[in-house]
Amino acid sequence: MQSSPSTAHSLGRPTPVLDRSKLAADVRALSRLSPARGLLAIVREWLLVGLSVYAAVASGHPLIWLLAGIFIATRQHAMLVLMHEGSHYRLTGNRKADDTLSDLLLALPNHVLTRRYRIRHNAHHRYANDRTQDPDRATVIADEQWWFPRPRRSAITVFLRDVFGINAPRFMAVLPHYSPWNALFARFDAKAEPAARATDAEVARVGVYGAVLLTLLALTSGWLAYALLWILPGLTVLPALLRLRGISEHDGDVGTDEVSVSRHVHAGAAEALLLAPFHINHHVAHHLFPSVPWYNLPALHARLLEEPEYRDRLVTAPSYTGPGGVVDLLMPAEGSLRAVPA
């Protein structure tokens, strides 16, 4: 077991290595948005959730309920990835529309406020993996269950604790940074930072979301289905998915320059659906140019590969779960764990 996280640095911003002037025209073209694609992506995710709920309720079979809950957790993850796009204003390009859509349909259902997420996420982009200035890395340092690489047996224990809800209190301990409820209460705290307080628009969105949710549950008597097919997966399977993706992005043999500080993971169709929705596996390209929406990240990655500064520094994994993938890299079999300098 490591005694400290292995990939943090104290350099502030990752070292620039790309000549961005050579890429400016292509990045500008790839940054053009298709609002219809953003809206259709949100609709698709809710249709998948609705079909999963219908299949469970209509079947009445415990196994179908279990499989539906697991699949719904993957869609919760997908919604959070879309919320992440909204935090970069990459859904429609209209800031008010993106905040409204993101909060009502993506963030609030997962107990998050988009703006609160944006504050910490922007700092993560600026100071990726810095010990003190990257809030995501600070979370990792504070909780040894986020320390990877680690031996496979230890890693399995961590993920089992996630799936069985034992780690739910650890997961929920981070939520106040993003929670709408904390932001609402902060409005009544004279000592709270202005950014910590919910805005008037956010208060209205929370009210609308809460009213619609309670009305739907009351009209459909859907309280049990909501508890078992939404809340429970969000406290069990979702944290495991977030952990796998989180460690894949910035842990292990990554570096400290703007390319190598993140990892690019190749994902097949099944992994793209269940583990890395909306091209979130193209994490290096996204970190370099967050103005590019998810549907153009593969094209951006292909363009960047033409640049030796990118191609030669790129840290990759062939998959998440296949041979030589993230699991093998960050959860090696006992006896094969490489020491990574702290």
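Just so it is clear, the structure is predicted and the values come from calculations on it, not from any experiment. (Residues numbered from 1 in each chain as written. Predicted model: local features only at pLDDT ≥ 70, side-chain atom pairs only at ≥ 80, totals over all residues. Heavy atoms only, no water.)

### What about the overall build of the protein?
Argument step 1. A tally of helices and strands in the protein yields 17 helices and two strands.
Argument step 2. Here the protein has a C-alpha radius of gyration of 20 Å; the compact-globule value for 342 residues is 20 Å, and the two agree.
Argument step 3. Taking the principal axes of the C-alpha coordinates as reference, the protein spans close to 60 × 45 × 45 Å.
Argument step 4. A buried classification covers 50% of the 342 residues belonging to the protein. (Helix = DSSP H or I, 4+ residues; strand = E, 2+ residues; numbered from the N terminus. Rg over C-alpha atoms; globule rule 2.2 N^0.38 Å. Buried < 20%, exposed > 50% of the residue type's maximum accessible area, 1.4 Å probe, protein only.)

### Considering a nonpolar patch on the surface
Argument step 1. On the surface, L63, I64, L66, L67 and I70 cluster together to form a nonpolar patch covering roughly 420 Å² of accessible area.
Argument step 2. Counting through the fold element by element, L66 comes out in helix α3 (residues 62-87). (Patch = residues over 30% accessible without salt bridge, like charges linked within 9 Å, V, L, I, M, F, W, Y side chains within 5 Å. Areas by Shrake-Rupley, 256 points an atom, 1.4 Å probe, with all protein chains shown as cover. Salt bridge = Lys/Arg side-chain N within 4 Å of Asp/Glu carboxyl O.)

### As for helix α15 (residues 297-304)
Argument step 1. Here α15 has its buried residues at L297, L300, H301, R303 and L304. Angularly, the buried residues of α15 cover 160 degrees about the axis, an arc narrow enough to put them on a single face.
Argument step 2. Among the structural elements, α1 (24-30), β1 (263-265), α14 (283-288) and α16 (308-311) are those in contact with the buried residues of α15. (Arc of directions from axis to C-beta. Contact = heavy atoms within 4.5 Å.)

### Some points on helix α5 (residues 114-126)
Argument step 1. The first and last C-alpha atoms of α5 sit 18 Å apart over 13 residues, in line with the 18 Å expected at 1.5 Å per residue.
Argument step 2. Burial analysis of α5 places ten of its 13 residues in the buried class, the great majority of the element.
Argument step 3. Residues of α5 that are buried: T114, R115, R116, Y117, R118, R120, H121, A123, H124 and H125.
Argument step 4. Lining the buried residues of α5 we find α3, α4 (95-107), α6 (135-142), α10 (200-220), α12 (237-250) and α14. (Expected span 1.5 Å × (residues − 1).)

### Considerations on the layout of surface pockets
Argument step 1. Of the volumes computed, that of the largest pocket is approximately 1300 Å³.
Argument step 2. Lining of the largest pocket is provided by 49 residues; of these, W146, F171, V174, Y178 and L242 occupy positions nearest its centre.
Argument step 3. At the level of elements, α3, α5, α6, α8 (168-174), α9 (180-186), α11 (223-235) and α12 are the ones that each hand at least two residues to the lining of the largest pocket.
Argument step 4. Within the lining of the largest pocket, the residues separate by chemical class into 22 nonpolar, 16 polar and eleven charged.
Argument step 5. A volume near 680 Å³ is recorded for the second largest pocket.
Argument step 6. Taken together, 23 residues make up the lining of the second largest pocket; nearest its centre are W46, L213, L216, L217 and Y226.
Argument step 7. Where the lining of the second largest pocket is concerned, the elements lending two or more residues are α2 (35-59), α3, α4, α10 and α11. (1 Å grid on protein atoms, 1.4 Å probe; cavity = no way out; pocket = protein on both sides within 12 Å on 5 of 7 lines; lining within 4 Å. Points joined across faces, edges and corners; volume = space filled by probe spheres on them. Nonpolar A, V, L, I, M, F, W, Y, C, P; charged D, E, K, R; others polar.)

### Section: the pattern of salt bridges
Argument step 1. Taken as a whole and judged by the stated rule, the model has 19 salt bridges.
Argument step 2. Across the pair D26 and R303 runs a salt bridge whose closest N-O atoms are separated by 2.7 Å. Pair noted here: D26 is in helix α1 and R303 is in helix α15, with a separation of 277 residues, a long-range link.
Argument step 3. Overall, the relative accessible area of 15% leaves R303 in the buried class.

### Remarks on the packing of α3 against α11
Helices that pack against each other are described as a pair by the angle of their axes relative to one another and the distance between those axes.
Argument step 1. Interhelical geometry of α3 versus α11 gives an angle of 55 degrees and a closest axis separation of 8 Å. Classed by the angle they form, the pair α3 and α11 counts as oblique. Crossing of α3 against α11: the hand is right-handed. Every residue of α11 that contacts α3 at W65, A68, G69, I72, A73, Q76 and M79 is listed here: A225, L228, L229, W230, P233 and G234.
Argument step 2. Of the residues in the contact of α3 with α11, the class split is ten nonpolar, three polar and no charged. (Axes fitted to C-alpha atoms, helices over the stretch in contact; angles between N-to-C directions. Parallel < 35°, antiparallel > 145°, perpendicular 65-115°, else oblique. Left-handed = near helix turned anticlockwise from the far one by under 90°.)

### Structural notes on the packing of α11 against α12
Argument step 1. At their nearest, the axes of α11 and α12 sit 3 Å apart, and the two run at 40 degrees to each other. With respect to their mutual orientation, α11 and α12 come out oblique. Counted together, P233, G234 and L235 of α11 and V237, L238 and P239 of α12 form the full contact between these two elements.
Argument step 2. Of the residues in the contact of α11 with α12, the class split is five nonpolar, one polar and no charged.

### Notes on the side chain of H84
Argument step 1. Following the sequence through the fold, H84 ends up in helix α3.
Argument step 2. Among the residues examined, H84 registers a relative accessible area of 4% and is labelled buried.
Argument step 3. Residue contacts for H84: discarding those within four places in its chain leaves Y117, H121, I280 and H286.

### Details of the environment of P109
Argument step 1. On the secondary structure map, P109 appears in the loop between α4 and α5.
Argument step 2. Along the primary structure P109 and Q76 are separated by 33 residues, whereas in three dimensions their C-alpha atoms are 8.6 Å apart.

### Section: the packing of aromatic side chains
Argument step 1. Under the counting rule described, the total for this entry stands at five aromatic pairs.
Argument step 2. Judged by centre distance (5.6 Å) and plane angle (15 degrees), the rings of W46 and W230 are stacked. Within this pair, whereas W46 is found in helix α2, its partner W230 is found in helix α11, the two being separated by 184 residues in sequence.
Argument step 3. We classify W46 as partly exposed; its relative accessible area is 31%.
Argument step 4. Accessibility expressed as a relative area gives 7% for W230, which makes it buried.
Argument step 5. With centroids separated by 5.3 Å and ring planes inclined at 75 degrees, the aromatic side chains of F278 and W294 adopt a geometry described as edge-to-face. Of this pair, F278 sits in the loop between α13 (269-274) and α14 while W294 sits in the loop between α14 and α15, and the two are 16 residues apart along the sequence. When sorted by exposure, F278 lands in the same class as W294, which is buried.
Argument step 6. Here the aromatic cluster, defined as three or more aromatic residues joined through ring pairs, consists of F278, W294 and Y295.
Argument step 7. The ring of W146 has R243 sitting right over it, with the charged end atom 4.6 Å from the ring centre. (Phe/Tyr/Trp six-rings, centres within 6.5 Å; stacked < 30°, edge-to-face > 60°. Lys NZ or Arg CZ within 6 Å of the ring centre and 35° of its normal.)

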